Amino acid sequence: MAETSPRTLPFGSLATAMITPFTDDGTVDLDTAAALATRLVDDGCDALVVSGTTGETSTLEDSEKEDLFRVVVETVGDRARVIAGTGTNHTSHSVEMARRAQRAGAHAQLVVTPYYNKPSQSGVLAHFEAIAAAGDLPIMIYDIPGRSAIPITTGTMLRLAENPKIVALKDAKADFAAVTRVLAATDLDVYSGDDGLTLPWMAAGAVGVVSVSAHVATAGFRSLVDAATAGDLATARRIHFELDPVIRAVMTHLPGAVSTKQILHRRGALPNVVVRLPLVEPTDAELAPVLADLAEAGA
């Protein structure tokens, strides 16, 4: 089983999947990204994912991603691990993004299952192995069949775990039996990829979470992860319940990038709520349940 001390984890234990701020005209706002990264690390994150799903990676240009990687590394890279979202459904493109991330100074990369193509498990295996072979950045695999259309089977994951450059799994499959087998049979550092499953996954041996809601409740997630790491399940359970309405606010009504930007803007942490198409700003009716859940949380 992997070591669970946050000080020894190559990907940290609390990673926020950062939004990508934009200016009013829709260009990437690097200054605001740097300020947000600083605040998140100051408040307890020891890792940041840059240009992941919540960072609207699918609508960022390659050069914009590389600029984001570089700016976040320069801003907080001496205090937190910077994990670059490099995965696409195009293997050679993913290899190119891995090289760009390494050039920008990222510490690691998050690589999602190739989506839309629906490859066989042999294709999934070959995809990840090609990316691993292309450079030196360690890989956190992102298993999220709700977006990729296919799961990574447990058998494939066990084979991937044999690759020394594949060191972690962000699990968003919500399959407790599958993640249990991975925890029991490999040395992968497993992270919950679902904010609401952080406690049960860590109780089984996961080392932390890659979270969207941590934008809004960084200190709460830091306390939850630390309590779970220490085996203090009573404290972790209490915090889990306290965080539930925050997680609902961020994750259940709107796309995470949209809800997070709305909340941070209302708190004065973002200058605007700009997202890129096909994401759009919510109507008042769509935003209402987000605000209601936040009110329930007292946030």
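All figures in this text were calculated on a predicted structure; none of them were measured in a lab.

**Things to note about the overall build of the protein**
Here is step 1: Scanning the protein for helices and strands turns up 12 helices and 8 strands.
Here is step 2: Its C-alpha atoms give the protein a radius of gyration of 18 Å, within 12% of the compact-globule value 19 Å for 299 residues.
Here is step 3: Projected onto its principal axes, the C-alpha positions of the protein cover 45 × 45 × 35 Å.
Here is step 4: Taking as baseline every contact in the protein between residues at least 6 positions apart, the subset at least 24 positions apart corresponds to 70%.

**A look at the packing of helix α11 (residues 256–266) against helix α12 (residues 284–297)**
Packed helices, taken two at a time, are described by their axes: the angle between them and the distance between them.
Here is step 1: The N-to-C vectors of α11 and α12 enclose an angle of 60°; their axes lie 11 Å apart at closest approach. Accordingly, the angle class assigned to the pair α11 and α12 is oblique. Note that α11 runs across α12; the crossing there is right-handed. Where α11 abuts α12, its residues Q262, I263 and R266 lie against L287, V290, L291 and L294.

**Considering the packing of helix α9 (residues 218–229) against helix α10 (residues 233–251)**
Here is step 1: The interhelical angle for the contact between α9 and α10, taken along N-to-C directions, is 150°, at an axis separation of 9 Å. Judged by the angle between their axes, α9 and α10 are roughly antiparallel. Along this stretch, α9 crosses α10, giving a crossing that reads as left-handed. Each of G220, F221, S223, L224, A227 and A228 in α9 lies in contact with α10, whose residues at this interface are T235, A236, I239, H240, L243 and I247.
Here is step 2: Residue composition of the contact of α9 with α10, grouped by class: 8 nonpolar, 4 polar and no charged.

**Notes on the UniProt feature "binding site: pyruvate" (unreviewed entry) in the protein**
Here is step 1: Residues given the UniProt feature "binding site: pyruvate" (unreviewed entry) here are T54 and V210. The largest pairwise C-alpha distance within this set of annotated residues, which runs over 157 residues, is 11.0 Å, so the set is compact in three dimensions. Of the residues named above, T54 and V210 line the largest pocket.
Here is step 2: Within the secondary structure, T54 is located in the loop between β2 (47–50) and α2 (62–76).
Here is step 3: Given the relative accessible area of 8%, T54 is considered buried.
Here is step 4: Those residues in contact with T54 that sit more than four places away from it in its chain are A17, M18, I19, T20, V212, H215, G256 and A257.
Here is step 5: One can find V210 in strand β8 (residues 208–211).
Here is step 6: Sequence-distant contacts of V210, defined by excluding residues within four places in its chain, comprise A15, A17, V49, M140, K170, Y191, S192, G193 and D195.

**Quick word on the pairing of β8**
Here is step 1: Burial along β8 is two-sided: G208 and V210 facing one way and V209 and S211 facing the other are all buried.
Here is step 2: The pairing of strand β1 (residues 14–17) with β8 spans 3 bridges and is parallel. Residue A15 lies in a different strand from β8, and its bridge partner there is V210.
Here is step 3: Note that the unit made of strand β7 (residues 189–192), helix α8 (residues 198–203) and β8 has a crossover that is right-handed.

**Digging into the UniProt feature "active site" (unreviewed entry) in the protein**
Here is step 1: As annotated in UniProt, the feature "active site" (unreviewed entry) corresponds to Y142 and K170 in the numbering used here. For this annotated set, covering 29 residues, all C-alpha atoms fall within 4.8 Å of each other, a compact arrangement in space. When the annotated set is filtered for residues lining the largest pocket, what remains is Y142 and K170.
Here is step 2: Relative to the helices and strands, Y142 is located in strand β5 (residues 139–143).
Here is step 3: A relative accessible area of 7% places Y142 in the buried class.
Here is step 4: Relative to the helices and strands, K170 is located in strand β6 (residues 166–171).
Here is step 5: A relative accessible area of 6% places K170 in the buried class.
Here is step 6: Sequence-distant contacts of K170, defined by excluding residues within four places in its chain, comprise L110, M140, I141, Y142, D143, Y191, G193 and V210.

Rules behind the numbers
- Residues numbered from 1 in each chain as written.
- Predicted model: local features only at pLDDT ≥ 70, side-chain atom pairs only at ≥ 80, totals over all residues.
- Heavy atoms only, no water.
- Helix = DSSP H or I, 4+ residues; strand = E, 2+ residues; numbered from the N terminus.
- Rg over C-alpha atoms; globule rule 2.2 N^0.38 Å.
- Contact = heavy atoms within 4.5 Å.
- Axes fitted to C-alpha atoms, helices over the stretch in contact; angles between N-to-C directions.
- Parallel < 35°, antiparallel > 145°, perpendicular 65-115°, else oblique.
- Left-handed = near helix turned anticlockwise from the far one by under 90°.
- Nonpolar A, V, L, I, M, F, W, Y, C, P; charged D, E, K, R; others polar.
- UniProt positions renumbered as here; feature names shortened; annotations may be inferred.
- 1 Å grid on protein atoms, 1.4 Å probe; cavity = no way out; pocket = protein on both sides within 12 Å on 5 of 7 lines; lining within 4 Å.
- Buried < 20%, exposed > 50% of the residue type's maximum accessible area, 1.4 Å probe, protein only.
- Pairing = 2+ DSSP bridges.
- Right-handed = clockwise from strand over helix to strand, strands pointing away.

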